[in-house]
Amino acid sequence: MRFSMLEKVGFSLLITACIISVSNFISSALVHAEKLESPVYPTKIVAKAAPEQQVADENALAMLSDSDAKKGLKLFKKCKSCHTVEEGGKNKVGPNLWNVVGRAKGSVAGFTYSSALTGLGGGWSYSDLDEFLAAPKTFAKGTKMSFAGIKKASDRAAVLLYLRSLSSSPKPLP
Ligand code: HEC
């Protein structure tokens, strides 16, 4: 059988088209170009930064009347490894916390504070304690209190009430 030039060109075009569409089909079957739900790296960074920001904006003080010191005592388990609470209790990794509400910041005798903490100045008001406990390293940049913070404002409210109870004359609520 002999083919004319036109037929040869036609055939080769047809075959080329076939090859292209078959290879297209195969490659799309092999490689799934699935869309990622979210870009891997940037989202992780954003997700890490965001909660801290939110915590700082949320205020536990408004929740004090809906909370109680007993719940705070339970939550204080997280703090116990570093802090004693009884009057005259020894300093551990962190200073004793008897009478901490209203006390001058960084003022427990015999405890070596970081300059981050002593540099804050003033006393421990409820609102400063709230901010500090939400994100210690944000409120006192460079503090040696290695504690991530209490994210939930309602939990902080309970801890604040517990700290308030560590006194023979608890400070009035804000
Ligand atoms: C890993 C140990 C550790 C844990 C856990 C910890 N703290 Fe501390 N805390 C410290 C250290 C250390 C300091 C002193 C910080 C500095 O000098 O920068 C401190 C300081 C403080 C201060 C300031 C006291 C002052 O005299 O000015 C308060 C209030 C406080 N912590 C409360 C808490 C509470 C409440 C918790 C639990 C929710 C907690 N801490 C958990 C180690 C810890």
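Residues numbered from 1 in each chain as written. Predicted model: local features only at pLDDT ≥ 70, side-chain atom pairs only at ≥ 80, totals over all residues. Heavy atoms only, no water.

Details of the overall build of the protein
When helices and strands are tallied, the protein shows 8 helices and 0 strands. Along the protein, from the amino end to the carboxyl end, the secondary structure elements read α-α-α-α-α-α-α-α. Relative to its 174 residues, the protein shows a buried fraction of 32%. Within the protein, residue pairs in contact and separated by at least 24 positions form 48% of the contacts whose partners lie at least 6 positions apart. Surface exposure of the protein reaches about 11,800 Å², of which carbon and sulfur atoms provide 63%. (Helix = DSSP H or I, 4+ residues; strand = E, 2+ residues; numbered from the N terminus. Buried < 20%, exposed > 50% of the residue type's maximum accessible area, 1.4 Å probe, protein only. Contact = heavy atoms within 4.5 Å. Areas by Shrake-Rupley, 256 points an atom, 1.4 Å probe, with all protein chains shown as cover.)

Re the site of the ligand
Close to the ligand lie 27 residues; Cys79, Cys82, His83, Ser114 and Met145 are nearest. Between the ligand and Arg103, the relevant distance is 2.8 Å, taken from an oxygen atom to a side-chain nitrogen or oxygen of the residue. Within the contact set of the ligand, an oxygen atom lies 2.8 Å away from a backbone nitrogen or oxygen of Gly106. When contributions to the shell around the ligand are tallied by element, the ones reaching two or more residues are helix H4 (77-80) and helix H6 (126-134). Among the elements that line the shell around the ligand, the one with the most residues is H6, at 3 residues. Grouping the amino acids of the shell around the ligand by side-chain chemistry returns 17 nonpolar, 6 polar and 4 charged. (Near = heavy atom within 4 Å. Polar contact = N/O pair within 3.5 Å; in protein donor to acceptor, adjacent residues only side chain to side chain. Nonpolar A, V, L, I, M, F, W, Y, C, P; charged D, E, K, R; others polar.)

Quick notes on the packing of aromatic side chains
In total, this model carries 5 aromatic pairs according to the counting rule given. For the ring pair Phe111 and Tyr113, a centre distance of 4.8 Å and an interplane angle of 70° mean the geometry is edge-to-face. We classify Phe111 as buried; its relative accessible area is 14%. An aromatic cluster is defined as three or more aromatic residues linked by ring pairs; in this entry it consists of Trp124, Phe132 and Phe139. (Phe/Tyr/Trp six-rings, centres within 6.5 Å; stacked < 30°, edge-to-face > 60°.)

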